[in-house]
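Structure at a glance
Single-letter residue listing:
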Amino acid sequence: MPDYDALNQILGKTIKGVIVKQNKNNGFPSMAVYFVFEDDTTYEIYADYRMSFAGGVNSWDMEKTRKYGVPPMENVLDISVDEG
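As a starting point, this report considers the structure included with it.

Parameters at a glance
Residues numbered from 1 in each chain as written. Predicted model: local features only at pLDDT ≥ 70, side-chain atom pairs only at ≥ 80, totals over all residues. Heavy atoms only, no water. Pairing = 2+ DSSP bridges. Helix = DSSP H or I, 4+ residues; strand = E, 2+ residues; numbered from the N terminus. Axes fitted to C-alpha atoms, helices over the stretch in contact; angles between N-to-C directions. Buried < 20%, exposed > 50% of the residue type's maximum accessible area, 1.4 Å probe, protein only. Patch = residues over 30% accessible without salt bridge, like charges linked within 9 Å, V, L, I, M, F, W, Y side chains within 5 Å. Areas by Shrake-Rupley, 256 points an atom, 1.4 Å probe, with all protein chains shown as cover. Salt bridge = Lys/Arg side-chain N within 4 Å of Asp/Glu carboxyl O. Phe/Tyr/Trp six-rings, centres within 6.5 Å; stacked < 30°, edge-to-face > 60°.

1. Concerning the sheet that holds strand 3 (residues 42-47)
- Taken in spatial order, the three strands of this open sheet run 1-2-3, and their pairing is antiparallel. Strands at the two margins of the open sheet, each flanked by one partner only, are strand 1 (15-22) and strand 3. Geometrically, the sheet is characterised by an average inter-axis angle of 15 degrees between neighbouring strands, direction not taken into account.
- In this sheet, strand 2 (residues 31-37) lies alongside strand 1 in antiparallel orientation, the contact comprising seven bridges. Residue Gln 22 lies in a different strand from strand 2, and its bridge partner there is Met 31.

2. Observations regarding the side chain of Ser 80
- Relative to the elements of secondary structure, Ser 80 occurs in the segment after helix 2 (62-67).
- The class for Ser 80 is buried, based on a relative accessible area of 11%.

3. Observations concerning a nonpolar patch on the surface
- Judged by side-chain polarity, Ile 15, Val 18, Val 20 and Phe 53 come together as a nonpolar surface patch covering roughly 370 Å² of accessible area.
- As for its placement among the helices and strands, Ile 15 is situated in strand 1.

4. Some thoughts on the packing of aromatic side chains
- In the structure shown here, the tally under the stated rule is two aromatic pairs.
- For the pair Phe 28 and Tyr 46, a centre-to-centre distance of 5.8 Å together with 85 degrees between the ring planes defines the contact as edge-to-face. Residue Phe 28 is found in the loop between strand 1 and strand 2, and its partner Tyr 46 is found in strand 3; the two are separated by 18 residues along the sequence.
- Of the residues examined, Tyr 46 reaches a relative accessible area of 48% and is grouped as partly exposed.
- An angle of 45 degrees between the planes, with centres 4.4 Å apart, marks the rings of Trp 60 and Tyr 68 as tilted.
- Take Tyr 68: its relative accessible area is 44%, and that puts it in the partly exposed class.

Shown next, in the form of structure tokens:
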């Protein structure tokens, strides 16, 4: 199970950089995304498969994003700085 509690630590931080890595040896993890924040901390998301990235930034608020999903998807974490 993912450590969803750790995601509370990144709320409100400003991202100053993003690094995407791919395993050259085809091992685990296959890919990783690192969010580097202005306070020089980093959060990593990794997967055992090749990740795909969306084509651009969406103009969706929290409510629209909660409802979006193709195919229909279950929200397993829903936290926001401005909603407490």
